[in-house]
Amino acid sequence: MVSKASEKHKQELLEWAGQQLAKVSSSVSLPLSMQALDGDAGFRHYFRLNTQPTLLAVFAPPEEEDSHAFVAISRYLREQGVNTPEIVAADFGRGFLLVEDFGDRLFYQEMITDPGQAGKLYGEAMMSLMRLQQCPVVTIPAAEGDGMHTLPHYTQARLREEMSLFHQWFIPQLLGYSLSDDERSLLDSLYLQLEGAALQQPQVWVHRDYHSRNLIVCPDQPPGVIDFQDAVRGPITYDLVSLLRDCYLRWPTKQVREWALAYGDMAVDSGLMAPVTQKGFLRWFDWMGLQRHLKVLGIFARLWLRDGKAGYLKDLPLVIRYTLEVAEGYPEFADFTYWFREKLLPLCEQQDWYNDYQTAGE
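Described below are features of the structure shown in this document. From a predicted model like this one, the values you see are computed outputs, not experimental measurements.

### A short note on the packing of aromatic side chains
In step 1: Counting across every chain of the model gives 19 aromatic pairs.
In step 2: Centre to centre, the rings of Tyr-154 and Tyr-238 are 5.3 Å apart; their planes meet at 50°, and the pair counts as tilted. With Tyr-154 in the loop between strand 7 (148–149) and helix 5 (156–174) and Tyr-238 in helix 7 (residues 238–244), the pair connects residues that are 84 residues apart, well separated along the chain. We note that Tyr-154, like Tyr-238, is buried.
In step 3: Ring centres of Trp-353 and Tyr-354 lie 6.2 Å apart, and the angle between their planes is 65°; on these two criteria the pair is classed as edge-to-face.
In step 4: With a relative accessible area of 15%, Tyr-354 lands in the buried category.
In step 5: Grouping aromatic residues by their ring pairs yields a cluster made of Phe-166, Phe-170, Phe-336, Trp-339 and Phe-340.
In step 6: For Arg-213, the ring lying beneath its charged end belongs to Tyr-108, and the centroid distance is 4.6 Å.
In step 7: One cation-aromatic arrangement involves Arg-283 over Trp-287; the distance from NZ or CZ to the ring centre is 3.8 Å.

This is the structure in structure tokens:
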């Protein structure tokens, strides 16, 4: 289970925030108070302070979260023109952060409320992604100003480690299915193909969770970008497919492909990648999405089974839909598709969280 922020941590965080604000402003209203906000899939705890403008006080347990990376990356990307939150103060030893508050207008909620905004919002999101990917992939100043933070590479080992969550958590732990040696070989072959396609692509900054719940509408500014602390150097289509084949929102296949190809054209025009055929770019995009969605099936299962976070179970049918739709489109994955349908899908249908994957997201 994920540990909760204790009352002691909350009180210490509030006191620390007041001390930091007193250093930068003489007009802070006291006493300070803070309101807990919904968390994310990680271990961070967010609290909105009653300042004007509002700020967020964050408790990121040092044993669980790398606040050094968060601060270093936020400051660097902000300097490069990506709208990441300003870091007001940090106490790395206690895991306390004081950061800019972008507000509550998540892209997700905006598009759920008014789907007609999708074209505009995705256009802004793709322009922001282009800005992110154009950032030089270099070592950046460390959060405490001493040394450098090196952006990790999305290596084959890292890609495999992520996909392994599928056969470590989703298949045996959530569905209760034991893999045979032949089935393990089938998955190993699938993983190798997906790894090869990922490593073949141009390598750029990768946010790793660039989707509608991590993008915030900021009036008269580019989208606010959050949850970037796990950024790596990796495949150019990774964040694009995270955005367009969002695990929480679904758009028509034709529209997604049009958006993806438009982004591919922008990437060529900007010099991020050499010209590639539409078929080749969509193959990169599709296969990268399959890698990501296999990982997500494992992550969502783990969030429930290990961390007690049941809210992600309802999103599994959409992730299954993405997985099967992409796999069905490529003869290389015919054996995997058949096996998933015959062995795993009947077990999924017995689960309380299951809804018909063929209509998930509609």
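Having seen the model, we can carry on.
### Notes on the nonpolar core
In step 1: In this structure, Phe-166, Phe-170, Trp-205, Ile-320, Trp-339, Phe-340 and Trp-353 are the most contacted members of the largest nonpolar core, which totals 109 residues.
In step 2: A total of 13 residues in this core trace back to one element, the largest contributor, which is helix 9 (residues 278–305).
In step 3: Residues in contact with Phe-340, not counting those within four places in the same chain, are Phe-166, Phe-170, Ile-320, Leu-324 and Leu-345.
In step 4: One finds Leu-21, Phe-47, Phe-96 and Leu-98 within the second-largest nonpolar core, a separate group that totals 14 residues.

### Thoughts on helix 5
In step 1: With 19 residues, helix 5 extends 26 Å from end C-alpha to end C-alpha; this agrees with the ideal 27 Å at 1.5 Å per step.
In step 2: Along helix 5, the positions that sit buried rather than exposed are Leu-159, Glu-162, Met-163, Ser-164, Leu-165, Phe-166, His-167, Trp-169, Phe-170, Ile-171 and Leu-174.
In step 3: Its buried side turned inward, helix 5 meets helix 6 (181–200), helix 7, helix 9, helix 10 (316–328) and helix 11 (334–349).
In step 4: Looking one or two places after helix 5, you find Gly-176, whose phi comes out positive at around 70°.

### Regarding helix 4 (residues 118–133)
In step 1: Across its 16 residues, helix 4 extends 22 Å between first and last C-alpha, which sits within 8% of the 22 Å expected from 1.5 Å per residue.
In step 2: Restricting attention to buried positions, one finds in helix 4 the residues Ala-118, Leu-121, Tyr-122, Ala-125, Met-126, Ser-128, Leu-129, Met-130, Leu-132 and Gln-133.

### As for the pattern of salt bridges
In step 1: Summed over the entire model, instances satisfying the criterion amount to 24 salt bridges.
In step 2: When the shortest N-O distance is used, the salt bridge between Glu-12 and Lys-8 registers 2.7 Å. Of the two residues, Glu-12 and Lys-8 are both situated in helix 1 (residues 7–24); the distance of four residues between them amounts to about one turn of the helix.
In step 3: Residue Glu-12 is classed as partly exposed on the basis of its relative accessible area, which comes to 22%.
In step 4: Ionic pairing is found between Glu-162 and Arg-208, a salt bridge with its closest N-O pair at 2.4 Å.

### Topic: the environment of Asp-239
In step 1: Tracing the sequence through the fold places Asp-239 in helix 7.
In step 2: Each C-alpha atom, one on Asp-239 and one on Glu-124, is 14 Å from the other, the two residues being 115 residues apart in sequence.
In step 3: Residues in contact with Asp-239, not counting those within four places in the same chain, are Leu-129, Leu-132, Trp-205, Val-206, His-207, Arg-208, Asp-209 and Tyr-210.
In step 4: Within the local environment of Asp-239, its side chain forms a polar contact with the backbone nitrogen of Arg-208, the two atoms lying 3.0 Å apart.

What counts and what doesn't
Residue indices begin from 1 for each chain and proceed along its sequence in written order. Thresholds applied to this predicted model are a pLDDT of at least 70 for local features of residues and 80 or more for the giving and counting of side-chain atom pairs; totals over whole chains, interfaces and linings are not thresholded and use all residues. The basis for every side-chain value is the complete set of heavy atoms in the structure, and neither hydrogens nor water enter the calculation. Note on aromatic contacts: the rings of Phe and Tyr and the six-membered ring of Trp form a pair at centre separations within 6.5 Å, being stacked when their planes are under 30 degrees apart, edge-to-face when over 60 apart, and tilted otherwise. A run of H or I in DSSP counts as a helix once it spans at least four residues, and a run of E counts as a strand once it spans at least two, with each numbered from the N terminus. Partly exposed residues are those whose accessible area sits between 20% and 50% of the maximum for their type, while under 20% is buried and over 50% is exposed, using a 1.4 Å probe and protein chains only. By definition here, charges over rings are those cases where NZ of Lys or CZ of Arg is within 6 Å of the ring centre and within 35 degrees of the ring normal. Here the nonpolar core consists of buried residues drawn from Ala, Val, Leu, Ile, Met, Phe, Trp, Tyr and Cys, with membership extended through side-chain atoms lying within 4.5 Å. Any two residues whose heavy atoms approach within 4.5 Å are treated as being in contact. By this rule, a helix spans an expected 1.5 Å times one less than how many residues it contains. Just to be clear on terms, a salt bridge is a Lys or Arg side-chain nitrogen sitting within 4 Å of an Asp or Glu carboxyl oxygen. Pairs of N or O atoms are called polar contacts if they sit within 3.5 Å, as long as, within protein, a hydrogen donor faces a hydrogen acceptor (for residues adjacent in sequence, only side-chain-to-side-chain pairs).

Any functional reading would require information beyond the geometric quantities listed.
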